Amino acid sequence: MINNIFNSTDNNNSASLADDEYIDPVDGLIYCKVCGKHRQMRFIFHGEERIVRTLCKCGEAERDARIQEEERREFQRRTDSLRRTGMPDRKMWEYTFDNDKGYNSKLYMAQNYVDRFEDLKADGRGLLLWGQTGTGKTYFAGCIANALIDKGISVYMTNFSTIINQLTGAFSEEKNQIIETINQKSLLIIDDLGIERNTDYATEQVYNVIDTRYRSGRPMIITTNIILDDLKNPKDLAHKRIYDRILERCTPILIEGRNIREINMEENNKVIREAITKKND
């Protein structure tokens, strides 16, 4: 460190000055014309006078700005990486609070969950979003995922069909690794519970994922078209073991309203009709 200081020694005060610098005739040191603070300092080392460059207030502000900008870029790189690995379906990157069109009257609950996530995470508290198809359950969950990722929090949003495809054909150790990798995320979001194949193998894998998450104490959000009564009263023990764990940790929220896909279809059809029926002058 001393060598670095000496390497910056500037004993020649007549060295070229920057446009915003001047030499104070009182002490012979370089000062900043903007803030008036010195850009050199004098000290004695082993009986020898040394003059070294230092930062004025302007220089300190520029340094701090550079550090903040690099930290911002590094944080952005981290959130970009979290989104790529945590939300493989890029369409869901658009599921944000800013893009909300007001179709879901309960979306404020999603924002509240984000705002209180650290407290809810500590208790492993999640959500069960249920209701008819097309009412915005996936969008609700996607808003939470993107908002948390924007804060640098790891999320994995997927569905059981994708997970089961990953597990199929894998050896036992590989399956455990896949499930453990999924489970390491701060929040696990499983979209469309119930659309996966209804086989003993699929049910077993669903149980393994849910049970691993349940035992870890980490939160999960589940979306499903299965009605709440059927979740509370499943027809067989295998599904009861799954649903009981979900219901214990995930607060049910009914997402209802008009089918958003139908609304989008009507809007798209209106635009197309206007485009193709307009007569040219």
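To be clear, the structure that these remarks concern was listed above.
A. Examining the packing of helix α3 (residues 107-115) against helix α5 (residues 137-150) more closely. Packing of α3 against α5 brings their axes to within 9 Å, and their N-to-C directions diverge by 30°. In terms of axis orientation, α3 runs roughly parallel to α5. Considering how the two elements wind past one another, α3 and α5 form a crossing that is right-handed. The segment α3 lies against α5, with L107, M109, A110, Y113 and V114 engaging Y139, F140, C143, I144, A147 and L148. Residue composition of the contact of α3 with α5, by class: 11 nonpolar, no polar and no charged.

B. Region of interest: helix α10 (residues 237-249). The terminal C-alpha atoms of α10, which comprises 13 residues, lie 19 Å apart, in line with the 18 Å expected from a rise of 1.5 Å per residue. Listing the buried residues of α10 in full gives H239, I242, Y243, I246 and R249. On an axial view of α10, the arc spanned by its buried residues comes to 140°, and they lie on one face. Check the buried side of α10 and you find it contacts β5 (126-130), β7 (187-193), α8 (200-216), β8 (220-224), α9 (228-232) and β9 (250-254). For α10, the N-terminal cap is D236; the gap from its side-chain oxygen to the backbone nitrogen of A238 is 3.2 Å.

C. Just the sheet that holds strand β6 (residues 155-159), in detail. Taking strand neighbours across the sheet as the criterion, the five strands line up as β6-β7-β8-β5-β9 in an open arrangement whose pairing is parallel. Only two strands of the sheet have a single partner each, and these edge strands are β6 and β9. Across the sheet, the mean angle from the axis of one strand to that of its neighbour is 15°, orientation sign disregarded. In this fold α5 packs onto β5, β6, β7 and β8, with an angle of close to 155° to the strand it touches most, β6. Relative to the sheet, α8 contacts β7 and β8, its axis offset from that of β7 by approximately 150°.

How each quantity is defined
- Residues numbered from 1 in each chain as written.
- Predicted model: local features only at pLDDT ≥ 70, side-chain atom pairs only at ≥ 80, totals over all residues.
- Heavy atoms only, no water.
- Axes fitted to C-alpha atoms, helices over the stretch in contact; angles between N-to-C directions.
- Helix = DSSP H or I, 4+ residues; strand = E, 2+ residues; numbered from the N terminus.
- Parallel < 35°, antiparallel > 145°, perpendicular 65-115°, else oblique.
- Left-handed = near helix turned anticlockwise from the far one by under 90°.
- Contact = heavy atoms within 4.5 Å.
- Nonpolar A, V, L, I, M, F, W, Y, C, P; charged D, E, K, R; others polar.
- Expected span 1.5 Å × (residues − 1).
- Buried < 20%, exposed > 50% of the residue type's maximum accessible area, 1.4 Å probe, protein only.
- Arc of directions from axis to C-beta.
- Polar contact = N/O pair within 3.5 Å; in protein donor to acceptor, adjacent residues only side chain to side chain.
- Pairing = 2+ DSSP bridges.

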